[in-house]
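Descriptive analysis of the structure
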Amino acid sequence: MELSHINEQGRAKMVDVTDKAETFREAIAEGTVIVEPDTMELIKSGGIKKGDVLSVAQVAGIMAAKKTSDMIPMCHPLMLSGVDISFELTDAEIHIKATVKCKGSTGVEMEALSAVSTAALTIYDMCKAVQRDITITDIRLMYKSGGKSGVYQR
């Protein structure tokens, strides 16, 4: 099996996508932040002293998707055409969903995963003063489309 990220000298390289066709690309990633019910009530009521937790996490997730190639060495810089972060709250869980889109020659899976991860870390950062044992879990790719590998759905 030939590894696409290794050059003739056995060193890491960024894959050359010059000859790949530009197609519509979409990826959806999800993850969960688990908090105590008291912490969730503070999030819902706006009682966290650092501010509106979900609004800040949403902006952080969007920024992370846009900056993924700055953080992940072999990712290509992409011109994203859309990033959406949504949250579903239960009594003790914040389910995060990131959808990322572009028209390009490489996928946006890493951008969607970066968006979810950063949104989750932002929630932790904003709530750590009231709860230190917050758990971030189940960050995963749920869907991707575009390119020659086609559709993946979990």
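For the structure given in this document, a descriptive report is provided here.

Rules used throughout
Residues numbered from 1 in each chain as written. Predicted model: local features only at pLDDT ≥ 70, side-chain atom pairs only at ≥ 80, totals over all residues. Heavy atoms only, no water. 1 Å grid on protein atoms, 1.4 Å probe; cavity = no way out; pocket = protein on both sides within 12 Å on 5 of 7 lines; lining within 4 Å. Points joined across faces, edges and corners; volume = space filled by probe spheres on them. Nonpolar A, V, L, I, M, F, W, Y, C, P; charged D, E, K, R; others polar. Patch = residues over 30% accessible without salt bridge, like charges linked within 9 Å, V, L, I, M, F, W, Y side chains within 5 Å. Areas by Shrake-Rupley, 256 points an atom, 1.4 Å probe, with all protein chains shown as cover. Salt bridge = Lys/Arg side-chain N within 4 Å of Asp/Glu carboxyl O. Lys, Arg positive; Asp, Glu negative; His and termini not counted. Charge placed at Lys NZ, Arg CZ, Asp CG, Glu CD. Helix = DSSP H or I, 4+ residues; strand = E, 2+ residues; numbered from the N terminus. Pairing = 2+ DSSP bridges. Contact = heavy atoms within 4.5 Å. Axes fitted to C-alpha atoms, helices over the stretch in contact; angles between N-to-C directions. Left-handed = near helix turned anticlockwise from the far one by under 90°.

Brief notes about the layout of surface pockets
The volume enclosed by the largest pocket comes to roughly 260 Å³. What lines the largest pocket is a set of 13 residues, and nearest its centre among them are His5, Met74, Cys75, His76 and Thr106. Counted by class, the lining of the largest pocket contains six nonpolar, four polar and three charged residues. Estimated volume of the second largest pocket: approximately 170 Å³.

Overview of a negative patch on the surface
On the surface, Glu36, Asp38, Glu41, Asp91 and Asp133 cluster together to form a negatively charged patch. Tracing the backbone through its elements, the reader meets aspartate 91 in the loop between strand E2 (80-89) and strand E3 (93-104).

Some details on the pairing of E3
One ladder, built from twelve bridges, connects strand E1 (residues 23-34) with E3; its direction is antiparallel. Bridge assignment links glutamate 26 to a residue of E3, and that residue is lysine 101. Of the strand pairs in this sheet, E2 and E3 are connected by nine bridges, and their pairing is antiparallel. Its bridge partner lying in E3, aspartate 84 is registered against threonine 99.

What about the sheet that holds E2?
With antiparallel pairing, five strands are arranged side by side in an open sheet as E2-E3-E1-E4-E5. Taken across any chain shown, the strands that pair with only one partner, and hence form the sheet edges, are E2 and strand E5 (152-153). Lying over the sheet, helix H2 (residues 53-66) contacts E2 and E3, oriented at roughly 145° with respect to E2.

Describing the packing of H2 against helix H4 (residues 109-127)
Their axes nearest at 7 Å, the elements H2 and H4 cross at an angle of 145°. Where H2 crosses over H4, the handedness of that crossing is right-handed. Together, Val53, Leu54, Val56, Ala57, Ala60, Gly61, Ala64 and Ala65 of H2 and Glu111, Ser114, Ala115, Thr118, Ala119, Thr122, Ile123, Met126 and Cys127 of H4 make up the contact between the two elements. Partitioning the contact of H2 with H4 into residue classes produces twelve nonpolar, four polar and one charged.

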